[in-house]
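Fold and contact review
Letter by letter, the chains look like this.
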Amino acid sequence: MASIWRYILAGLGLAALVVGVLTVVYLTAPHSPQGPDTSRSKKTANGLFVASFEPERGVTRQGELQSWLLTLKTAAGAPVEGAAITVSGGMPQHNHGLPTSPQATDYLGEGRYRIDGVKFTMGGWWQLRFAVSAAAGSDSVVFNIVL
């Protein structure tokens with residue numbers, strides 16, 4: 001009878017050791033990120049501007065040409081007028097660019113610019129990169145869109 005208890009205690013000790021090792025491995029292992037930053041408002045790379053980006057009709061649509069609005073403000077909060085904006089992007093995980101060539105087509109006032117020609121042909125992680133040149137200087141910002 002005493003030998004059975006020895007085996008039970010040894011088994012419990014071994015189980016506790018395995019749980020302890022697995023806990024240490026889990027707590028010290030690098031965890032994968034939750035996904036790309038999908039915020040719609042952020043500072044530009046060098047902090048010259050604050051940029052906000054949203055679909056003009058309020059909904060992101062797959063497979064359709066659509067217009068988006070890019071709002072630019074200085075770090076102090078003043079609207080950025082007369083900016084030259086170039087747009088690029090693509091799908092980082094698929095290693096390809098955009099299927100269209102979006103462009104800033106209209107200045108709508110109060111730092112808002114219409115970006116026409118945006119099209120997302122498939123679900124997944126997309127990036128739109130904006131290079132901005134204005135009186136305050138040149139800067140860039142990247143927005144992530146996940147469909």
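Okay, so let's go over this structure. Keep in mind that what you see is a predicted model, and the values were worked out from it rather than measured.

Looking now at the packing of aromatic side chains. Throughout the structure, instances matching the rule amount to seven aromatic pairs. Note on F53 and W68: the rings are 4.6 Å apart at their centroids and 25 degrees apart in plane angle, and the pair reads as stacked. Residue F53 is found in strand β2 (residues 49-55), and its partner W68 is found in strand β3 (residues 66-74); the two are separated by 15 residues along the sequence. Residue classification places F53 among the buried residues on the basis of a relative accessible area of 1%. A residue is classified by how much of its surface remains accessible, and W68, at 0% relative accessible area, is buried. Residues Y107 and Y113 carry aromatic rings whose centres are separated by 4.7 Å and whose planes lie at 50 degrees to one another, so their mutual orientation is tilted. Counting every residue linked through ring pairs, the aromatic cluster contains F53, W68, F120, W126, F130 and F143.

The subject of this paragraph is the pattern of salt bridges. Pairs can form between side chains of opposite charge whenever their charged atoms are close. Inspection of every chain in the model, using the stated rule, returns four salt bridges. Among the ionic pairs, K42 bridges to D37, the shortest N-O distance being 3.5 Å. R114 is the salt-bridge partner of D106, the closest N and O atoms lying 2.8 Å from each other.

So, about the sheet that holds strand β7 (residues 112-118). Taken in spatial order, the five strands line up as β1-β2-β3-β7-β6 in an open sheet, and their pairing is antiparallel. The strands lining the two open edges of the sheet, one partner per strand, are β1 (41-43) and β6 (103-109). Taken over all neighbouring pairs, the strand axes of this sheet differ in orientation by 25 degrees on average, direction set aside. By the bridge criterion, five bridges tie β3 to β7 in an arrangement that is antiparallel. Of the residues in β7, the one forming a bridge with L69 is R114.

Reading guide: rules and limits
Residues numbered from 1 in each chain as written. Predicted model: local features only at pLDDT ≥ 70, side-chain atom pairs only at ≥ 80, totals over all residues. Heavy atoms only, no water. Phe/Tyr/Trp six-rings, centres within 6.5 Å; stacked < 30°, edge-to-face > 60°. Helix = DSSP H or I, 4+ residues; strand = E, 2+ residues; numbered from the N terminus. Buried < 20%, exposed > 50% of the residue type's maximum accessible area, 1.4 Å probe, protein only. Salt bridge = Lys/Arg side-chain N within 4 Å of Asp/Glu carboxyl O. Pairing = 2+ DSSP bridges. Axes fitted to C-alpha atoms, helices over the stretch in contact; angles between N-to-C directions.

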